[in-house]
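Observations on chain architecture
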Amino acid sequence: MKLVALHQFAQLAFTEGSAPHINTLRRMIKDGVLMGRRLGSRYYVDAALIEAGFNPLVAKVLNDVRRAS
C-alpha cells in the first residue's frame, strides 16, 4: 500500500475550498471511515483512494474489506 500525507490527500482529492478540515480527516481515519494510518505524529492515506476518485462510502467499504482480510 502506497501512502500519501494527509494534507496532500486533501489537496488532490478535493477541489480548492471544499476539503474538510484536517482534524475531520484525522477523525475519519480514527473512526475507520477513511483508509489510512498514523505513523508517529503524522497521518497518511492509501494512495489508491486518490487514483480511484475519493468517495467516502467506497473508502469505508474498502477499509472494512481490508480489515476483514
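See the structure above.
1. Description of helix α1 (residues 6-13)
For α1, every residue scored as buried is listed here: Leu-6, Phe-9 and Ala-10. In a view along the axis of α1, the buried residues occupy a sector of 100°, so they form one face of it. Exposed and oriented more than 90 degrees from the buried face of α1 are Gln-11 and Leu-12.

2. Things to note about the sheet that holds strand β1 (residues 3-5)
Read from one edge of the open sheet, three strands run β1-β3-β2, paired in antiparallel fashion. Of all the strands in the sheet, just β1 and β2 (36-39) have a single pairing partner and so form its edges. Pairs of neighbouring strands in the sheet enclose a mean axial angle of 35°, with direction left out of account. With four bridges connecting them, β2 and strand β3 (residues 42-46) associate as antiparallel partners. Across the sheet, residue Gly-36 finds its bridge partner in β3, namely Val-45. Seen against the sheet, α1 touches β1 and β3 and runs at an angle of roughly 90° to β1. In this fold helix α2 (residues 22-31) packs onto β2 and β3, with an angle of close to 70° to the strand it touches most, β3.

Reading guide: rules and limits
- Residues numbered from 1 in each chain as written.
- Predicted model: local features only at pLDDT ≥ 70, side-chain atom pairs only at ≥ 80, totals over all residues.
- Heavy atoms only, no water.
- Buried < 20%, exposed > 50% of the residue type's maximum accessible area, 1.4 Å probe, protein only.
- Helix = DSSP H or I, 4+ residues; strand = E, 2+ residues; numbered from the N terminus.
- Arc of directions from axis to C-beta.
- Pairing = 2+ DSSP bridges.
- Axes fitted to C-alpha atoms, helices over the stretch in contact; angles between N-to-C directions.
- Contact = heavy atoms within 4.5 Å.

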